[in-house]
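Close look at the chain arrangement
Next come the chains, spelled out residue by residue.
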Amino acid sequence: MDFKVTEFDLTGLAAMRRAWAEQAESLRREPEHRDAFPRDFVRTVPDETAYQGVRAETVGGAEELPGMEWPKKSSLILDFGEHHVGYFEFTMHTATGYCDSPVSLRLLAAELPYELEYRSEDFKGKLSQGWIQEEYIKIDVLPGVVRLPRRYACRYLRIDVIATPNRLVFDRVRFDTVAAHNFLPETPAGLTPEERELHTAAGRTLRDCMQTCFEDGPKRDRRLWLGDLYLQAKCNAVTYRDNALVERSICLLAANTNDFGMIATCAFEYPGMLTNSHYPDYMMLFNALLLDHLQEYGNKAFVAEFYPLAVQQLRVFRGMIAGEDCTLHRNPAYRLFIDHCPGLEIETPEICVYIFALKHAAELARALGYDADAAALTAEAVRWHANIRHAALDAETGLLVSGRERQVSEASQIWGVLSGVFSADEGRAALTKMKTLPGVVTSSNPYLLTYLLEAYDLCGMEAERDRLLHDYWGGMVRLGADTFWEMFNPDDLHQQLYGDAYLLSACHAWSCAPCLYLSRKSRNESKPSSAADSRRSK
Ligand code: RAM
């Protein structure tokens, strides 16, 4: 790398990993418990106007459950009224009190009505079938209480009675729910009824993804992801303000740094379960995460400890840039992500993320009193700002293009704004144009669309920001979402991410943006903090 900033000491890595893992452990807090009980009985109904083509229809009140008897081959679906995360406990007996053979049950916990139709033989997914929340259990002794050991994320529970010595009675089905803060954040004042609904669903999403670390989704992948954490931490800052959970999550990721000093893109929270996923654009966001953390909670000593690791991510990415023309070396070991969008040319957005991260790192260095670093990081940002404009700014359209085919994507324009490669006027024009020009590569992913909300805010396009919240996040609510989904394409209610809709996570961390933008709106801050403004204008 040809800019000189504080080195990350690779020789001390093993000791640092151990220390960070220990620090993470010391910041571990037990989750809060709250009981939830079924509200209704439902049945599934095929409906092409519903999300994934299935809706749940209420057929009765679940308060009748203790008086009902279930013979073999009977089925019931319980609706807990909203999404929760937790442990199931069943209190049961057989109607005659006689139990000479085991009770055999199939249980299926579901976030969305579509999942209630799951048949294992039809599974086509590219990720593990193990994610499906299906269990076959045997109960030998009744009357009794059975608690399932695994944690589930769901709103519905389907129970199929496969075998029972005689009719089965559920005296009680208790969902012992868990979350770091097991309540919904307060709704900010001054919002419209629709905005209040969006805030509640976003708050519930955040609540259920905040466990003993920030998880991406409590159904799948049940682990910490750096990109998701960056957005979750922002939402946490305007809701629960759980400083310790952010610090624990930072330590967990740092404890998984590889031998080249690349911070892990995702991490498990259990010692011994290592990850080796390294997405350069996520890794670079570590700089912005630390700066946000410092600005929110002021813990300078904590942030200073991770600063060398943060700038190391920039050093690593710098090594991936092939030349001043902003082309990148590709290495199959590292995934250049930006978005799940198929066919996306990522070179321009990646360079913009680099510039964005350099500017945040410079501000971080300044805040920590490392003035020489700040100057070097700023000079590097200025250099790539000029390079990317030269390589990718199309003089005729005013849009940023990417790759040999000069692809125009929303991702390039959004990151062009966030990085300050566009001025506010240019950004406003580009964000407007990308919505009307034919052939622009669009995104149906809440992760990138959250950055579009941010870009609108930075360019003073409040009406467009509100429209996006209404159309996209509001679109999910109008389809019955009580937590926000990992992916949503309003034009294709059957769009999948991993080859099978059963794998979709319906409560996904990177979708909780309405918490942040509606809180800003309520405070009448149409733009992000002045610090971000000054970054943009540089
Ligand atoms: C998926 C998850 C996660 C995300 C990564 C890139 O596996 O949805 O949230 O950060 O992709």
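The following paragraphs examine the structure supplied in this document. (Residues numbered from 1 in each chain as written. Predicted model: local features only at pLDDT ≥ 70, side-chain atom pairs only at ≥ 80, totals over all residues. Heavy atoms only, no water.)

Let us look at the overall build of the protein chain. A tally of helices and strands in the protein chain yields 14 helices and 13 strands. A compact globule built from 538 residues would reach a C-alpha radius of gyration of about 24 Å, and the protein chain, at 25 Å, matches this within 12%. Here the C-alpha coordinates of the protein chain stretch approximately 80 × 55 × 45 Å along the principal axes. Looking at the protein chain as a whole, 61% of its 538 residues are labelled buried. Put simply, of all contacts in the protein chain between residues at least 6 apart along the chain, 76% involve residues at least 24 apart. Accessible area for the protein chain stands at about 20700 Å²; split by element, carbon and sulfur atoms hold 52% of it. (Helix = DSSP H or I, 4+ residues; strand = E, 2+ residues; numbered from the N terminus. Rg over C-alpha atoms; globule rule 2.2 N^0.38 Å. Buried < 20%, exposed > 50% of the residue type's maximum accessible area, 1.4 Å probe, protein only. Contact = heavy atoms within 4.5 Å. Areas by Shrake-Rupley, 256 points an atom, 1.4 Å probe, with all protein chains shown as cover.)

Of all seven residues that make up strand β2 (residues 40-46), five are buried, and the element is covered over most of its length. Pairing of β2 with strand β3 (residues 54-61) involves seven bridges; the strand directions are antiparallel. Note on β3: the bridge partner recorded for Val 42 is Thr 58. Note: β2 against strand β4 (residues 75-94), two bridges, orientation antiparallel. Bridged to Phe 41 within β4 is Leu 78. (Pairing = 2+ DSSP bridges.)

Between its terminal C-alpha atoms helix α7 (residues 347-368) stretches 31 Å, which fits the 32 Å expected from 22 residues at 1.5 Å a residue. Count one or two residues on from α7 and you reach Gly 369, which has phi positive near 85 degrees. (Expected span 1.5 Å × (residues − 1).)

Looking now at the packing of helix α5 (residues 280-297) against helix α6 (residues 300-318). Between α5 and α6, whose axes approach to 9 Å, the crossing angle comes to 155 degrees. Our classification of the angle between α5 and α6 gives roughly antiparallel. Relative to α6, the crossing made by α5 is left-handed. Along its contact with α5, which presents Pro 280, Met 283, Met 284, Phe 286, Asn 287, Leu 290, His 293 and Leu 294, the element α6 presents Lys 300, Phe 302, Val 303, Phe 306, Tyr 307, Leu 309, Ala 310, Val 311, Gln 313, Leu 314, Val 316 and Phe 317. (Axes fitted to C-alpha atoms, helices over the stretch in contact; angles between N-to-C directions. Parallel < 35°, antiparallel > 145°, perpendicular 65-115°, else oblique. Left-handed = near helix turned anticlockwise from the far one by under 90°.)

Structurally, Ser 412 is set in helix α9 (residues 410-418). Looking at Ser 412, the relative accessible area reads 0%, which means it is buried. Ignoring anything within four residues of it in the chain, the contact list for Ser 412 reads Thr 348, Pro 349, Leu 400 and Ser 402.

A word on the nonpolar core. If you look at the biggest cluster of nonpolar residues, it comprises 139 residues, and the most contacted ones within it are Phe 286, Phe 306, Leu 314, Leu 377, Trp 415, Tyr 451 and Trp 473. With 13 residues, the single largest contributor to this core is α7. Excluding anything up to four places from it in sequence, Phe 306 contacts Trp 20, Gln 23, Ile 250, Cys 251, Ala 254, Phe 286 and Leu 290. Residues Cys 154, Val 161, Leu 168 and Val 173 belong to the second largest nonpolar core, which totals 28 residues. (Core = buried A, V, L, I, M, F, W, Y, C linked by side-chain atoms within 4.5 Å.)

Turning next to the site of the ligand. Around the ligand lies a shell of 13 residues, among which Asp 221, Asp 228, Tyr 282, Glu 486 and His 508 are the nearest. At 2.5 Å, a side-chain N or O of Asp 228 approaches an oxygen atom of the ligand. Here Tyr 282 contributes a side-chain N or O atom positioned 2.8 Å from an oxygen atom of the ligand. Across the complex, the protein chains shield 96% of the 290 Å² of accessible surface that the ligand would expose by itself. By residue class, the composition of the shell around the ligand is six nonpolar, two polar and five charged. (Near = heavy atom within 4 Å. Polar contact = N/O pair within 3.5 Å; in protein donor to acceptor, adjacent residues only side chain to side chain. Nonpolar A, V, L, I, M, F, W, Y, C, P; charged D, E, K, R; others polar.)

A side chain with one charge can pair with a side chain of the opposite charge if their charged atoms come near. On inspection of all chains with the given rule, the structure shows 43 salt bridges. Notably, a salt bridge pairs Arg 204 with Glu 82, separated by 2.6 Å at the nearest N-O pair. With Arg 204 in helix α2 (residues 193-209) and Glu 82 in strand β4, the pair connects residues that are 122 residues apart, well separated along the chain. When its relative accessible area of 11% is taken as the criterion, Arg 204 is described as buried. (Salt bridge = Lys/Arg side-chain N within 4 Å of Asp/Glu carboxyl O.)

The next point concerns the packing of α2 against helix α13 (residues 514-522). Interaxial distance between α2 and α13 falls to 8 Å at its minimum, and their mutual angle equals 135 degrees. As far as their axial angle goes, α13 and α2 are oblique. In terms of crossing hand, the pair formed by α2 and α13 is left-handed. Counted together, Glu 195, Leu 198, His 199, Ala 202, Gly 203 and Leu 206 of α2 and Pro 514, Cys 515, Leu 518 and Lys 521 of α13 form the full contact between these two elements. Across the contact of α2 with α13, the residue classes tally to six nonpolar, two polar and two charged.

Per the counting criterion, the structure on display carries 32 aromatic pairs. When the centroid spacing of 6.2 Å and the interplanar angle of 75 degrees are considered together, the rings of Tyr 51 and Phe 488 count as edge-to-face. Here Phe 488 lies in the loop between α12 (462-478) and α13 and Tyr 51 lies in the loop between β2 and β3, a separation of 437 residues in the sequence. A centroid spacing of 5.0 Å and a plane angle of 75 degrees characterise the contact between Tyr 472 and Trp 473, whose relative ring orientation is edge-to-face. As far as burial versus exposure is concerned, Tyr 472 and Trp 473 are alike and both buried. Among the aromatic residues, those joined into a cluster by ring pairs are Trp 225, Tyr 279, Tyr 282, Phe 337, Phe 356, Trp 415, Tyr 447, Tyr 451 and Trp 510. (Phe/Tyr/Trp six-rings, centres within 6.5 Å; stacked < 30°, edge-to-face > 60°.)

Moving on to the side chain of Arg 106. Of note, Arg 106 is situated in strand β5 (residues 103-110). With a relative accessible area of 3%, Arg 106 lands in the buried category. A distance of 2.9 Å separates a polar atom in the side chain of Arg 106 from a polar atom in the side chain of Glu 134. Other than its neighbours up to four places away in sequence, Arg 106 contacts Tyr 118, Arg 119, Glu 134, Glu 135, Tyr 136, Arg 158, Ile 159, Asp 160 and Ile 162.

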